[in-house]
Amino acid sequence: MCGIVAYIGNRQAYPILIKGLKRLEYRGYDSSGVALLNDKNLNIYKKKGKVDELVAFAEQFDTTSTIGIGHTRWATHGEPNDKNAHPHFSGDSNLTIVHNGIIENYDILKTALEQQGHVFKSDTDTEVLIHLIEEIQRSENLSIEEAVRVALTKVVGAYAIVVLDEKEPDKIVAARKSSPLVVGIGENEFFLASDATPIIEYTKKVTYLNDEEVAVVHRDGTFQIKNIQNENLEPSFQYLDMQIELLEKGGYDYFMLKEIFQQPQTISDCMRGRLNANEGWTTLGSVENNIEKFLNADRIIFVACGTSWHAGLVAEYLFEELARIPVEVEYASEFRYRNPVLTEKDIVIAISQSGETADTLAAIELAKERGAFVYGVVNVVGSSIARATDSGSYIHAGPEIGVASTKAFTGQLTLLTMMALNLAYRKGTISQDYYRQMVVEFSTIPTKIEETLKYNDKIEFIAEQIKDSTNALYLGRGYNFPVALEGALKLKEISYIHAEGYPAAEMKHGPIALIDEMMPVIVIATNKSAYEKIVSNIQEVKARKGFVIAIVTEGDKHIQKMADFVIEIPEVEEIFSPLVSSIPLQLLSYHIAVMRECNVDQPRNLAKSVTVE
Ligand code: M6R
């Protein structure tokens, strides 16, 4: 939610900010803006809408400057318009700020500031913060970094901020709490951003700010970090390992399509070094390092949101069936507020693509407070969740830019499947023969996804048949029940068609009332177990004139006769089937959204990284 970028050095700041904002647009695209400092003049250019609108608007101005800050917004306080776009000025227009997060006590602060004569131009919480900094700087005669630090001691909420002071043109001040901020360190230049993507082509050396830290970067190449209690801190450096090509569309119309087609590769990347089909084993270093905890766990609790929660549901089937470990799967947003019972023998596994989801982070903090061992399954390297957990594994899917999660979902499934197989073998709940056989079978998944992707044209044709629907129902059983939920979520979020996922057998307890000839019903029917049951469910839909699209195993002639359309996928062990059966559903949603002229990568009202509750 909201992307921040800033630059200080000898290069022109504006092109760096714009390129960075475009990379961060997945975090929000309600408005964007930049503040540039030139000859001690601070100018702000901002516009409702996407970064391209800002670029067109700013053409009329002189954007020459070697220091600047930029922002792309996902609106929380105040509707998306020019006035509420960031950056915001202080009252005297000497200071400016960009902010990602929410100042929860902004109302109280605003009332107090108004009583001191401050007048606000926007409806945002962010403008209150820059006025507070201004007030403290003026009344206590402080440097900008001190004013920022003192102001932050009075703030409740979440923030990643970057502040510029017209009177101090050779420095930028930045701080974070619960929203991410990375500082890229070049030769006498600094780059600041919400994630590493705007930084990668300029420098690989970065430091990730921790909660309640304030950084000051200077044009002469020096920088300092303090905490808000005013203690000096030693920065720790990391070196980015990311390829720029991964941040481009690479010939595809949308990032989502590129990311769907990348899956054979990203799944192989996730398996690399962790699975050996020739020798028949799979292992994860950080599970190995904590093996006693895993083997003796009373329970595993998965916490996550959205698609990552669906990955947790698949994991519930895997861990209970294979490793016989009791599992619970919790929405992080519910878990954090419902006083859950946790013991030191519980393992909490947080699943997150971005590693920044506010509710998942809060659930982690709660679990840690209550003594549980907390493990992270995360995509974004160095993200807040990766750092907040006791241990964890990266899924190595590379940057996922489309707001709809695709390759991260299958990456999460890949990692969790390897984990379940390894733990099952270690616990002795599966035989060595079965373990080896499954590892070999699992290693073929990238090829099977490759084969499934070849049905893209047929799926596009089927999409054409249902693109004008207003509702859709997704049904699945067992391992494919979470796939039904995920298929429905994909359709909703990018095509704005109302869709629901249901366990197939539950249909007759309510949703069956919705079925008529206008209702497409997408049935994931690849299960070997309960095959006859799912066939009966299809019959029930057809008897009510529903329009059935069935995902079936290649060669399934039986369901072919009943369904209006089938999409065949290669035969796969049932425990791995979500990895393959979710692919046609991703493609179906994608094509429907394109046909409905929706912005597939940046659906309305959504953001990739949900850093607010
Ligand atoms: O980054 P996370 O995995 O923690 O994000 C969780 C959800 O916000 C995310 O999966 C969301 O549901 C996706 N847009 C779904 O495609």
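Above this note sits the structure.
Residues numbered from 1 in each chain as written. Predicted model: local features only at pLDDT ≥ 70, side-chain atom pairs only at ≥ 80, totals over all residues. Heavy atoms only, no water.

(A) Highlighting the sheet that holds strand β26 (residues 547–553). A sheet is described by the order of its strands in space; here 5 strands give the open sequence β24-β23-β25-β26-β27, paired in parallel fashion. Where the open sheet ends on each side, the last strands, each with one partner, are β24 (498–503) and β27 (565–569). With direction set aside, neighbouring strand axes in the sheet form an average angle of 20°. The sheet contact formed by strand β23 (residues 471–476) and strand β25 (residues 520–524) spans 3 bridges and is parallel. (Pairing = 2+ DSSP bridges. Helix = DSSP H or I, 4+ residues; strand = E, 2+ residues; numbered from the N terminus. Axes fitted to C-alpha atoms, helices over the stretch in contact; angles between N-to-C directions.)

(B) Fine view of the site of the ligand. For the ligand, the set of nearby residues contains 15 residues, the closest of which are S308, S352, S354, T357 and E493. One nitrogen or oxygen atom from the main chain of T307 is found 3.1 Å from an oxygen atom belonging to the ligand. The protein chains hide 91% of the 410 Å² of surface that the ligand would expose on its own. Counting only elements with at least two residues in the shell around the ligand, the list comes to α10 (306–323) and α18 (480–495). (Near = heavy atom within 4 Å. Polar contact = N/O pair within 3.5 Å; in protein donor to acceptor, adjacent residues only side chain to side chain. Areas by Shrake-Rupley, 256 points an atom, 1.4 Å probe, with all protein chains shown as cover.)

(C) Fine view of the state of the cysteines. What the rule picks out here adds up to 0 disulfides. The thiol of C2 is unpaired, and the distance to the nearest cysteine sulfur, on C305, comes to 18 Å. Assessed through its relative accessible area of 7%, C2 is described here as buried. (Disulfide = S-S within 2.5 Å. Buried < 20%, exposed > 50% of the residue type's maximum accessible area, 1.4 Å probe, protein only.)

(D) A look at the environment of T452. Note on placement: T452 falls in helix α16 (residues 445–453). Overall, T452 belongs to the buried group, its relative accessible area being 0%. Linking T452 and I583, residues 131 residues apart in sequence, is a C-alpha distance of 7.3 Å. Excluding residues that lie within four positions of it along the chain, T452 makes contacts with I569, P570, V580, I583 and P584. At 2.8 Å, the side chain of T452 and the backbone oxygen of K448 are in polar contact. (Contact = heavy atoms within 4.5 Å.)

(E) Just empty space enclosed by the protein, in detail. Taken as a whole and assessed by the stated rule, the structure comprises 2 cavities of 30 Å³ or more. Taken as a whole, the largest cavity spans an internal volume of roughly 60 Å³. T526, N527, K528, T553, I569, P570, E571, V572, E573, E574 and S577 are the residues that line the largest cavity. Class assignment of the residues belonging to the lining of the largest cavity gives a composition of 3 nonpolar, 4 polar and 4 charged. Empty space within the second largest cavity amounts to approximately 50 Å³. In this structure, the second largest cavity is lined by C2, R73, W74, T76, H77, H86, H99, G101, T124, D125 and T126. Of all the elements in the fold, those that place two or more residues in the lining of the second largest cavity are β6 (95–103) and α4 (125–140). Looking at the lining of the second largest cavity residue by residue, the class counts come to 2 nonpolar, 7 polar and 2 charged. (1 Å grid on protein atoms, 1.4 Å probe; cavity = no way out; pocket = protein on both sides within 12 Å on 5 of 7 lines; lining within 4 Å. Points joined across faces, edges and corners; volume = space filled by probe spheres on them. Nonpolar A, V, L, I, M, F, W, Y, C, P; charged D, E, K, R; others polar.)

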